[in-house]
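The primary structure of each chain is shown beneath.
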Amino acid sequence: MTQDELKQAVARAALDYVVDGAIIGVGTGSTANFFIDELANIKSRIKGTVASSEATAARLKSHGITVFDLNDVDAMPVYIDGADEIDASGAMIKGGGAALTREKIVASVADKFICIADGSKLVEVMGQFPLPIEIIPMACASVSRSLAALGAKPVLRLKDGHPLVTDNGGWIIDAGGLKITNPRALEQSINDMPGVITNGLFARKGADVCLLGMADGVTVLKF
Ligand code: 5RP
C-alpha cells in the first residue's frame, strides 16, 4: 500500500468515531483532507464542523459541509486530525502544516482526540521531525536563542523566500535536533518562552485514540 492509501484507510476508519447529530472538530493536512472527503459522504448525519485552519474550512465548505465558528460551539465529542509523530503514550508532534495553534485550540474543546496517521508516524522517541513552534514575529531571534540553549537547531520556516505567515499572523520556527524524552515538560517550557504562541507538542492533552495505517490494516491504539 502507498502512504496515501494508508492515510485514506485511516481516514475512512475514523468515520466510526463520528457522532451522529454532533459538531466534529476537523484537523489540517493531507490525512485530514482524506478524512474531509470521507466525511462528505455522511455529511447529512452531522450538525457541522469546526475547522482548524482556513484551508480546512475551505475544503469542508467545498463539500457543502457546515463550518461553525468555535466561539459558537460549547462542546464537541471528537476532534479528528493527523500527526507528524506520535509516541507510545499518545503524545504527538504536530504543525507540519503550520496549523498547530488552531489545532490545539479546537482539540482543547473536544472530549476526545482521534489521531489518524500512517504507520511511519509512530516513533519510540519524538524529535526526528523538527518541532514546529508558532511565534510572534518580533520574538524570532530571542526564541531561537532560547531554543538553541535547550540544544535545538532552530530554523525559521520560509515560503517563497519569506517567512511563512500562519492563519494567525505568526511565524513558525522548526526546532530540529531535539530528542524529546519528556514531552510534557518540554511542551510547558517552550510555551513559557516570551513570544511563543504555542508549540507543536501535544503531550499534556495528547491523543485518546490513534488509528494507524499499517500494511495489514488499521491498528487501533488507545491511550
Ligand atoms: C498540520 C498538522 C498535520 O496534522 C501534520 O502535519 C500531519 O500532516 P499529514 O497528514 O499531511 O502527514 O499538524 O499542522
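Nothing here was measured: the structure is a model prediction, and the numbers come from that model. (Residues numbered from 1 in each chain as written. Predicted model: local features only at pLDDT ≥ 70, side-chain atom pairs only at ≥ 80, totals over all residues. Heavy atoms only, no water.)

The next subject is the sheet that holds strand β11 (residues 171–176). Strand pairing within a sheet occurs via backbone hydrogen bonds; the two strands may be parallel or antiparallel. With antiparallel pairing, four strands are arranged side by side in an open sheet as β8-β11-β7-β12. Every other strand in the sheet has two partners, leaving β8 (153–156) and β12 (196–199) as the edge strands with one partner each. Neighbouring strand axes in the sheet, compared pairwise and without regard to direction, differ in orientation by 30° on average. By the bridge criterion, five bridges tie strand β7 (residues 131–135) to β11 in an arrangement that is antiparallel. (Pairing = 2+ DSSP bridges. Helix = DSSP H or I, 4+ residues; strand = E, 2+ residues; numbered from the N terminus. Axes fitted to C-alpha atoms, helices over the stretch in contact; angles between N-to-C directions.)

The next subject is the site of the ligand. Near the ligand, the surroundings consist of 17 residues, among which S30, T31, D84, G95 and K121 are the closest. A distance of 3.1 Å separates an oxygen atom of the ligand from a polar backbone atom of T28. Contact distances for the ligand include 2.5 Å between an oxygen atom and a side-chain N or O atom of S30. Protein coverage of the free-state accessible area of the ligand, which is 380 Å², stands at 91%. The class makeup of the residues in the shell around the ligand is three nonpolar, eight polar and six charged. (Near = heavy atom within 4 Å. Polar contact = N/O pair within 3.5 Å; in protein donor to acceptor, adjacent residues only side chain to side chain. Areas by Shrake-Rupley, 256 points an atom, 1.4 Å probe, with all protein chains shown as cover. Nonpolar A, V, L, I, M, F, W, Y, C, P; charged D, E, K, R; others polar.)

Here we take up a nonpolar patch on the surface. Together, I136, M138 and I197 give the surface a local cluster of nonpolar side chains, amounting to about 320 Å² of exposed area. With respect to the helices and strands, the residue I197 is situated in strand β12. What makes I197 partly exposed here is its relative accessible area of 33%. (Patch = residues over 30% accessible without salt bridge, like charges linked within 9 Å, V, L, I, M, F, W, Y side chains within 5 Å. Salt bridge = Lys/Arg side-chain N within 4 Å of Asp/Glu carboxyl O. Buried < 20%, exposed > 50% of the residue type's maximum accessible area, 1.4 Å probe, protein only.)

The buried fraction of helix α2 (residues 30–39) amounts to seven of the ten residues, a majority that puts the element mostly inside the structure. Taken as a whole, α2 has its buried residues at T31, A32, F34, F35, I36, E38 and L39. On its buried face, α2 sits against α1 (3–13), β1 (23–26), β2 (48–51), α3 (54–62), β3 (76–81) and β6 (110–118). (Contact = heavy atoms within 4.5 Å.)

The backbone of A98 sits at a positive phi, close to 70°, despite the residue not being glycine. Even without glycine at this site, D160 takes up a positive phi of about 55°. Tracing the chain through its elements places D160 in the loop between β9 (158–159) and β10 (162–163). D160 sits in the exposed class, given a relative accessible area of 72%.

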